[in-house]
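# Remarks on the overall topology
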Amino acid sequence: TLHRARARQEAADLSVHEQDKRSKDLTWVDRLIETHQVADNTRIYYRNSWRNLIRFMSERRIALEDFTPATAHDYIAWRTATPRTGGSFVGRNQALQDIKILKWIHRNGRLLGHMTSMAMVDFRSRKSPVQRKPVFTEQDIARCREALASRYIPDWMSTSFEIAYHTGCRMKETRLPLSCIDLDAGTMTFPEPKGGLGRAYTIPIPDGLIPMFRKMKATPRSHTFEWPGAGTKVSCYWRRFFNLIGLKKHSFHGLRVTRVTNLRRAGIVQAVAMRLVNHSSTLVHDLYQRHSVEDLRNYVNAGLPPSTPQTPGGISNHAPWESPPEGTGFGRGHTLSHKRPTAPEDLKAG
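Every value quoted in this text rests on a predicted model; they were computed, and no experiment measured them. In this convention, every chain numbers its residues from 1, walking through the sequence in written order. Per-residue local features are limited, in this predicted model, to residues with pLDDT of at least 70; the limit for side-chain atom pairs, both in listing and counting, is 80 or more; totals at the level of whole chains, interfaces and linings are taken over all residues. Side-chain numbers come from the whole structure's heavy atoms, not from hydrogens or water.

### Side note on the overall build of the protein
In this description a helix means any DSSP run of H or I spanning at least four residues, a strand means any run of E spanning at least two, and both kinds are numbered starting from the N terminus. Looking only at helices and strands, the protein has 13 helices and 3 strands in total. Exposed residues in this analysis have more than 50% of their type's maximum accessible area, buried residues have under 20%, and partly exposed residues fall in between, with area computed by a 1.4 Å probe over protein chains only. Of all 350 residues assigned to the protein, the portion counted as buried reaches 32%. Note on contacts: a residue pair is in contact if any heavy atoms of the two residues lie within 4.5 Å. In the protein, 57% of the contacts between residues at least 6 apart in sequence involve partners at least 24 apart. The method behind every accessible area is Shrake-Rupley, applied with a 1.4 Å probe, and residues are considered shielded solely by the protein chains displayed. Carbon and sulfur atoms provide 53% of the accessible area of the protein, an area that totals close to 23300 Å².

### Overview of the sheet that holds strand β3 (residues 201-204)
Whether parallel or antiparallel, the strands of a sheet pair through hydrogen bonds between backbone atoms. Between any two strands, at least two bridges found by DSSP are needed for them to pair. Spatial ordering of the open sheet is given by β1-β2-β3, a layout of 3 strands whose pairing is antiparallel. Either end of the sheet is taken by a strand with one partner, and the two such strands are β1 (181-182) and β3. Relative to β3, strand β2 (residues 187-190) runs antiparallel, the two sharing 4 bridges. Bridge pairing links Thr189 to Thr202 in β3.

### What about the nonpolar core?
By size, the foremost hydrophobic cluster in this structure holds 27 residues, and its most contacted members are Trp28, Val29, Trp50, Leu64, Phe67, Ile99 and Ile105. For this core, the secondary-structure elements that each account for two or more residues are α2 (27-34), α3 (40-60), α4 (69-81) and α5 (92-112). The element that contributes the greatest number of residues to this core is α5, accounting for 7 residues. For Trp50, the contacting residues outside a window of four places in its chain are Leu26, Val29, Asp30, Ile33, Met57, Leu64 and Ile105. Note on terminology: a nonpolar core comprises buried Ala, Val, Leu, Ile, Met, Phe, Trp, Tyr and Cys residues joined through side-chain atoms within 4.5 Å. Ranked by size, the runner-up nonpolar core spans 20 residues in total, among them Leu148, Met157, Phe161 and Phe252.

### Topic: the confidence of the model for the protein
A residue's pLDDT is the predictor's confidence in that residue, given on a scale from 0 to 100. In this model, the protein carries an average pLDDT of 81, and 77% of its residues clear a pLDDT of 70 or more. pLDDT under 50 marks residues 16-23. Its contacts with residues more than four places away, or in other chains, come to 9 contacts. In the model, residues 333-337 has pLDDT below 50 throughout and makes 4 contacts with residues more than four positions away in sequence or in other chains.

### Overview of α2
All buried positions along α2 are accounted for by Trp28, Val29, Leu32 and Ile33. Along the axis of α2, the buried residues cluster in a sector spanning 140 degrees; they form a single face. Lining the buried residues of α2 we find α3 and α5. Taking the helix axis as origin, the arc is that swept by the directions to the C-beta atoms.

### Some remarks on the pattern of salt bridges
We define a salt bridge as a side-chain nitrogen of Lys or Arg found within 4 Å of a carboxyl oxygen belonging to Asp or Glu. Inspection of every chain in the model, using the stated rule, returns 7 salt bridges. We note a salt bridge from Asp40 to Arg43, for which the minimum N-O separation is 3.4 Å. With Asp40 and Arg43 both in helix α3 and 3 residues apart, the pair spans about one turn of that helix. The exposure class of Asp40 is exposed, given its relative accessible area of 58%.

### Focus: unusual backbone geometry
The phi torsion at Arg61 lies on the positive side, around 55 degrees, for a residue other than glycine. Mapped onto the elements, Arg61 comes out in the loop between α3 and α4. Not every positive phi belongs to a glycine, and Asn278 is a case in point at roughly 60 degrees. With respect to the secondary-structure elements, Asn278 resides in the loop between α11 (270-277) and α12 (282-287). Classification of Asn278 as buried rests on a relative accessible area of 11%.

### With respect to the environment of Leu209
Relative to the helices and strands, Leu209 is located in the loop between β3 and α8 (210-217). Judged by relative accessible area, Leu209 falls into the buried class, the value being 0%. Sequence-wise, Leu209 and Thr167 are 42 residues apart; in three dimensions their C-alpha atoms are separated by 9.4 Å. Beyond its immediate stretch of four places on either side in the chain, Leu209 contacts Glu162, Ile163, His166, Thr167 and Met188.

### So, the packing of helix α6 (residues 138-148) against helix α9 (residues 234-244)
Here α6 crosses α9 at 110 degrees, and the two axes come no closer than 11 Å. Classed by the angle they form, the pair α6 and α9 counts as roughly perpendicular. Once α6 is placed against α9, the crossing between them reads as right-handed. Residues Cys144, Ala147 and Leu148 of α6 pack against Trp238, Phe241 and Phe242 of α9. Working convention: axes come from line fits to C-alpha atoms, limited for helices to the stretch in contact. Angles between N-to-C directions cover 0 to 180 degrees. Roughly parallel covers angles under 35 degrees, roughly antiparallel covers those over 145, roughly perpendicular covers 65 to 115, and oblique covers all other angles. Take the far helix as the reference: if the near one is turned anticlockwise from it by less than a right angle, the crossing is left-handed, and if turned clockwise, right-handed.

Spelled out as structure tokens, the structure:
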């Protein structure tokens, strides 16, 4: 019995060591991510997902090739139940995004000869519906501006908010070089929007931003504002801000949604609206629009014939074939008769 127990223990140790060896020999994945032709922020996203996948494989003592659809479901449950460093939990869609990156690693590992199995390539799972960002109402904008005017809120947040509200640009694009703002021509240029330098665009300056830009031009600053610090996740600032003022369902990107929706409500041609917010796809532009019942009220009767209004006295009780009541004067040259009208021949009894 002692020899059998020792043999089982040695076999288990050898198996664990073999799995550890297979799990640690994953430097090719790091090289694959670093050489992948994606944006820098996307590469960071890949690294974070891969870091969580490694952590899961280390805890479960499994190798990369041992990932199967059943293991993927275990990972989703583990990922959504493991708190992040800030104490919050990720959603199911984030865990599925990690699995999507894992499938990409499996496929490339098989093509490069580092793996012999591609069990995860055919894995499919439906994502949860994403909550659509709501539109800022006039009351919401007033509440935000009142809170941003507090002395406890940094000035850069108010500047970024106003630029995004008036132009519909993204958060990163609100930090503009003042050299890109031409007050004489009345134009402002976004030099590095989403998509890089090739997507730079120029629009007229909205009237609400001109006084603010004039004050900035009179100062020695080079940009509209400076970020709070290197490596700071600015979106966390706005998340805490909206939570504190009671707008938990809103986000900074909702200002872009609000701008696109307001352009549609104002009757702006879609091509012009897309040019103002730098949308190149009509599908994406449509996704940013929000429709409400009140938006349809002015058009609900379009294409319908006008309804015939009823007289205040109500509907007459006489039959359609009978003459109008005495004293109404209906008909041109009509002579009122006291003779009782008779029904047509085809409607008489018998």
